[in-house]
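Chains, contacts and geometry: an overview
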Amino acid sequence: MKFENPLAFAKKLDKQDPLKSFRKRFHLPKVNGKTAIYFTGNSLGLQPISTKKFINEEVSDWAALGVEGHVHAKRPWLYYHKFSKKTLAKLVGAKPIEVVAMNQLTVNLHLMMASFYRPTKQRFKIITEAGAFSSDQYAFESQLKFHGLDPETTLIELAPRKGEFTLRTADILQAIEENKEQVALVIFGAVQYYSGQFFEIKKITKAAHDAGAYAGFDLAHAIGNVPLHLHKDQVDFAVWCSYKYLNSGPGGVAGAFVHGRHANDSSLPRLAGWWGHHEKDRFQMKKGFIPMPGADGWQLSNFPVLSGAALLASLQVFEKAGIKNLRKKSVLLTGYLEFLLNQIDNSITPFSVITPDDPKQRGCQLSILMHQNGKSVFQKLTRAGIIADWREPGVIRVAPVPLYNRFEDVFEFVKIFKAAL
Ligand SMILES: *Cc1c(COP(=O)(O)O)cnc(C)c1O
């Protein structure tokens, strides 16, 4: 599409938007009595109007039924982890048996690494992107130390070339190939939280497998943002949180994917709990762990129903909108943002968009690197009613989310940003 600059064009795109009605399904925060321009769905997604109803149903069932709610609630709590499977599977491109909602992201990362990072004398290295999200870095570092290894020599963090902001796939593949004797695990943030780069999952996974390593991905910034094909791409495992693009609320229940080829491999070592035990005799409380087939076999504890209710409310919205339609709008919405940013004369206050300009290599987020005065520009945005995100040392992350953001929001944002410069 050929973009244009005036506000009337943004309004025209909003009018033509087949997903425009979805904005009404969300609570939009206000700043100084005015609806904010909310561009932080990559940090905490907005609340669907239906969330309250879903949570209230569980709270009411608990009041009315007590423990009997495990079996007799409208959505019986015993089976709650199953209710989100179908939609989660669609969102990550998986079969229902390959996904499960459970725990929090970092917990799931450790659980997956307990199974898929089994260093040996010959094979012990982890390859990841430099500057991974802190929690992932701590997980990698502590896993290595847990196995008695030195992160300095066993964790390979791939950085962009000098003068570049994102990694070239060819460089990633080459690094994997160069370490093929020793690499045990290749793990990337599918969409990098800082740069917004969407890595080439299929190619990275294939290179990892060719090298004899497992491939895992952190989908924190990918699920609900970009279409994924984890099953087809042969990814071994993935983990995600659900409070970013999935709009399931602060600390919402996270999730994990384990590829179907590992579904019945009960020999995979794992850290177990009773909810991962086969449901046939879970309540026999007997000695001897027998895992459920598939991702369910990695569950530890009984399901957090209240946060799960919020997840179901949000997934219902995704079912209605469809991830393919969302992606289509997202490419336009972010493309429009990029177009307007590119039109700004940035010689006054220099900035660069560090997110790849190829839509296939990014989700909805653009990361604007401020070469000077970044903090003060960001504060002006905040005062003008824009909720965006500041990352040290100098990046403003903006994420127009196709479910609830409009082309007009993008237009207004760029107008305010330009004035702030
Ligand atoms: C948001 C995010 C996390 C957060 O971890 P929690 O365990 O949910 O607190 C971890 N990793 C990445 C890449 C993230 O973007």
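Structure report, in brief. Values in this document were obtained by computation on a predicted structure and should not be read as measured data.

Focus: unusual backbone geometry
Residues Glu392 and Pro393 are joined by a peptide bond in cis, for which omega reads 0 degrees. Residue Gln234 is not a glycine yet carries a positive backbone phi of 70 degrees. Among the secondary structure elements, Gln234 is positioned in the loop between strand S8 (214-218) and strand S9 (237-240). We classify Gln234 as partly exposed; its relative accessible area is 37%. Positive phi, normally seen in glycine, also occurs at Met285, with a value near 55 degrees. Tracing the sequence through the fold places Met285 in the loop between strand S10 (255-258) and helix H11 (305-321). What makes Met285 exposed here is its relative accessible area of 58%.

Brief notes about the side chain of Ser115
As for its position among the elements, Ser115 is in helix H6 (residues 105-116). The exposure class assigned to Ser115 is buried, which follows from its relative accessible area of 1%. Leave out the neighbours within four places in its chain, and Ser115 touches Leu268, Pro269, Arg270 and Trp298.

Overview of the packing of aromatic side chains
Tallying each qualifying case throughout the model produces 22 aromatic pairs. With 6.5 Å between their ring centres and 80 degrees between their planes, Phe3 and Phe9 make a pair best called edge-to-face. Centroid distance Phe188 to Phe199: 5.0 Å. Interplanar angle 70 degrees. Geometry classified as edge-to-face. One end of the pair, Phe188, is in strand S7 (residues 183-189); the other, Phe199, is in the loop between S7 and helix H10 (201-210), and 11 residues separate them in sequence. Each member of the pair, Phe188 as well as Phe199, is classed as buried. Through a chain of ring-to-ring contacts, the aromatic side chains of Phe3, Phe9, Tyr336, Phe339 and Phe407 assemble into a single cluster. Here Lys244 stacks its cationic end above the ring of Phe133, 4.9 Å away from the centre of that ring. The ring of Trp275 is capped by Arg282, whose NZ or CZ atom sits 4.6 Å from the centre of that ring.

About the cut-offs
- Residues numbered from 1 in each chain as written.
- Predicted model: local features only at pLDDT ≥ 70, side-chain atom pairs only at ≥ 80, totals over all residues.
- Heavy atoms only, no water.
- Helix = DSSP H or I, 4+ residues; strand = E, 2+ residues; numbered from the N terminus.
- Buried < 20%, exposed > 50% of the residue type's maximum accessible area, 1.4 Å probe, protein only.
- Contact = heavy atoms within 4.5 Å.
- Phe/Tyr/Trp six-rings, centres within 6.5 Å; stacked < 30°, edge-to-face > 60°.
- Lys NZ or Arg CZ within 6 Å of the ring centre and 35° of its normal.

So yeah, pure geometry; function would need other evidence.
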